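Observations on the model geometry
As a plain string of letters, each chain reads:
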Amino acid sequence: VVVVHNGIVENYLELREWLVSEGHTFSTETDTEAIANLVAWSLRRGRSLHEAVQDTLERLEGSYGMVVMAASEPHRIIVARQDSPLVIGVGPHGRYAASDMPALLPLTRDFVVLENGEHAVLEPQAHRIYDRAGRVIPRESVRCDWTPEQAEKQGFPHFMLKEIHEQPDVLARTAFERCLDLEGDVSFEEGFGLSDAALRGIGRLRFMAMGTSLHAAMIGQQLAGALARLPGETLNASEFLYSAELEEGDALTVVVSQSGETADSLRALREVKRRGGRVLGICNVRGSTLAREADHLIFTHCGPEIGVASTKAFFGQVVALYLLAIRLGRARGVLDAAEGRARLADLRGLRHRMEALFEPPALAAVRSAAEFLAGVRSCLFLGRALQHPVALEGALKLKEISYIHAEGYPAGEMKHGPIALIDPDFPVVALVTPGRTYEKMLSNLQEVRARGGRVIAVAASGDAKAAASADFLLPVPAVPELLAPLVTVVPLQFLAYYTALLLGRDIDQPRNLAKSVTVE
Ligand code: AGP
């Protein structure tokens, strides 16, 4: 019996003890081996492979994306899913199973997605899906339009570098077909499903996500406040489960997730729905659990994001949240057509303005800052307002691929503790872009340097004041303040990438990390 299992069997010790009492021996400490032995136990008693797996599923508690085969039935594969994702590839010459679609793109682009509690029997030319009770479920396959080439590196040394460079295209693919330039409005596909009246009925927004997507969600909250005058809060999804159960009322929860499979975010989504709330999902993967369980949907069109460190997905999420804020503002009558047209024009203009971020002068500046950063053990990222989540994101990028400790902070917090850390070996990366926060950020730089700290400033190209207060200046194009996170995040992505490169890290698959955290 062969079992491939992604997830956690929570009652495996109890199962293992029973199996040992039934004469089974174990060669590993893994929960997966308990599954294999449960299947063998049933096979020995004359059950078919399908029946043996059904018996086993009834006894498992926990999460699994599982594939089971047995020597006795070599032409058959049984797959099952509970919380850990699993897709079935439907090809002309066979059926395939994987935890997500990019793994199977070289074989097929047609997929059937298993829902929680379902299992399936795969044979070379057929597949049958069953529910928990063993009833056959008819299900259409979905077509994944990612070509295998998209999921390849296209000449870049790492997926992460390729994905950073794809961001201008992500802007175009996620935004431009949705912009109603003449009306100064935005139109989402049918999966959005929120009419003007429904949008007017929303009294507050709750954003929830994990990791990089949480940073995008924090920006989404500020954009909705600025463009739609809607109050909001942003919560770490894993914390929501412990929050007091209050009235959902006229709230709309926005769950942001690239993979649509993050266990913490899905648990939070299910908790919101259990409390009677509604959920809008912002997601990059069709057929993902989030895409199927959210009441309303906005897809980002980033293409497959392979690098564990999320870059273009963050970018696509912020673009989608900017469009959502415009749609909300227009539906609620707080953003008129002229302002809507101006905001959309700002977005359309961004693609050209971003080009400077990928040109030699900008990249040379980043690489020299990375030479310096590769030698430090810890650093601080500072930003204010819309640049505060970008500071958090820059710190996350650096720590997860270079393994250098980094903390993101709202710059106003400096005097409330972190400034005690500043010395020549504890540098600061600061986001000093034009707008309401500029002067205060400039004084933050001066405070750091007055204490012997080194400064890497992300600032508008040609900003002499910032340059005079920094050891390294990473230039960004001057863009409207609401879009500034989409340009300031790019040098921080490059900074993390080139620092990790200098340190010889495994950039696309950093130690201890998974692309999709499907367990809590
Ligand atoms: C970010 O670089 C990490 N890969 C991680 O924090 C990630 O953003 C987080 O696990 C959320 O993933 P999701 O967007 O697929 O839900």
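Below: a short report on this structure. (Residues numbered from 1 in each chain as written. Predicted model: local features only at pLDDT ≥ 70, side-chain atom pairs only at ≥ 80, totals over all residues. Heavy atoms only, no water.)

**Looking at empty space enclosed by the protein**
- Under the definition given, this model contains three cavities of 30 Å³ or more.
- What the largest cavity holds in volume is close to 80 Å³.
- Residue lining of the largest cavity: Arg384, Ala385, Leu386, Gln387, Thr433, Pro434, Arg436, Thr437, Glu481 and Ala484, and that is the complete set.
- Of the residues contributing to the lining of the largest cavity, the split by class is four nonpolar, three polar and three charged. (1 Å grid on protein atoms, 1.4 Å probe; cavity = no way out; pocket = protein on both sides within 12 Å on 5 of 7 lines; lining within 4 Å. Points joined across faces, edges and corners; volume = space filled by probe spheres on them. Nonpolar A, V, L, I, M, F, W, Y, C, P; charged D, E, K, R; others polar.)

**Quick notes on the sheet that holds strand E14 (residues 232–236)**
- Across the sheet, which stays open at both edges, the five strands sit in the order E14-E13-E15-E16-E17 with parallel pairing between neighbours. Strands with a single pairing partner mark the edges of an open sheet, and in this sheet they are E14 and strand E17 (296–299). Neighbouring strand axes in the sheet, compared pairwise and without regard to direction, differ in orientation by 20 degrees on average. (Pairing = 2+ DSSP bridges. Helix = DSSP H or I, 4+ residues; strand = E, 2+ residues; numbered from the N terminus. Axes fitted to C-alpha atoms, helices over the stretch in contact; angles between N-to-C directions.)

**Details of the pattern of salt bridges**
- Enumeration according to the criterion identifies 36 salt bridges in this entry.
- Ionic pairing is found between arginine 275 and glutamate 271, a salt bridge with its closest N-O pair at 2.6 Å. Each member of the pair, arginine 275 as well as glutamate 271, carries the same accessibility label: buried.
- Each of Glu73, Arg76, Glu123 and Arg128 takes part in salt bridges that share partners, so that together they form one network. (Salt bridge = Lys/Arg side-chain N within 4 Å of Asp/Glu carboxyl O. Buried < 20%, exposed > 50% of the residue type's maximum accessible area, 1.4 Å probe, protein only.)

**Re the site of the ligand**
- Near the ligand lie 15 residues; those nearest to it are Ser213, Ser257, Thr262, Val308 and Glu400.
- Residue threonine 262 places a side-chain N or O atom 2.5 Å away from an oxygen atom belonging to the ligand.
- For the ligand, whose accessible area on its own is 410 Å², the fraction buried by protein is 91%.
- The site holding the ligand turns out to be the second largest pocket. (Near = heavy atom within 4 Å. Polar contact = N/O pair within 3.5 Å; in protein donor to acceptor, adjacent residues only side chain to side chain. Areas by Shrake-Rupley, 256 points an atom, 1.4 Å probe, with all protein chains shown as cover. Sits in = over half its atoms within 2 Å of the grid points.)

**Some points on the pairing of E14**
- In the sheet, strand E13 (residues 204–209) pairs with E14 via five bridges, with the strands oriented parallel. Its bridge partner being in E14, phenylalanine 207 is matched across the sheet by threonine 234.
- Between the parallel pair E13 and E14, the chain is carried across by helix H7 (residues 211–228), and the sense of this crossover is right-handed. (Right-handed = clockwise from strand over helix to strand, strands pointing away.)

**A short note on the packing of aromatic side chains**
- Scanning the model with the defined rule gives six aromatic pairs in all.
- Aromatic rings pair up to connect Phe358, Phe494, Tyr497 and Tyr498 into one cluster.
- The ring centre of phenylalanine 299 lies 4.4 Å from the NZ or CZ of arginine 286, which sits over that ring.
- When the ring centre of phenylalanine 372 is taken as origin, the NZ or CZ atom of arginine 454, which lies over that ring, is 4.7 Å away. (Phe/Tyr/Trp six-rings, centres within 6.5 Å; stacked < 30°, edge-to-face > 60°. Lys NZ or Arg CZ within 6 Å of the ring centre and 35° of its normal.)

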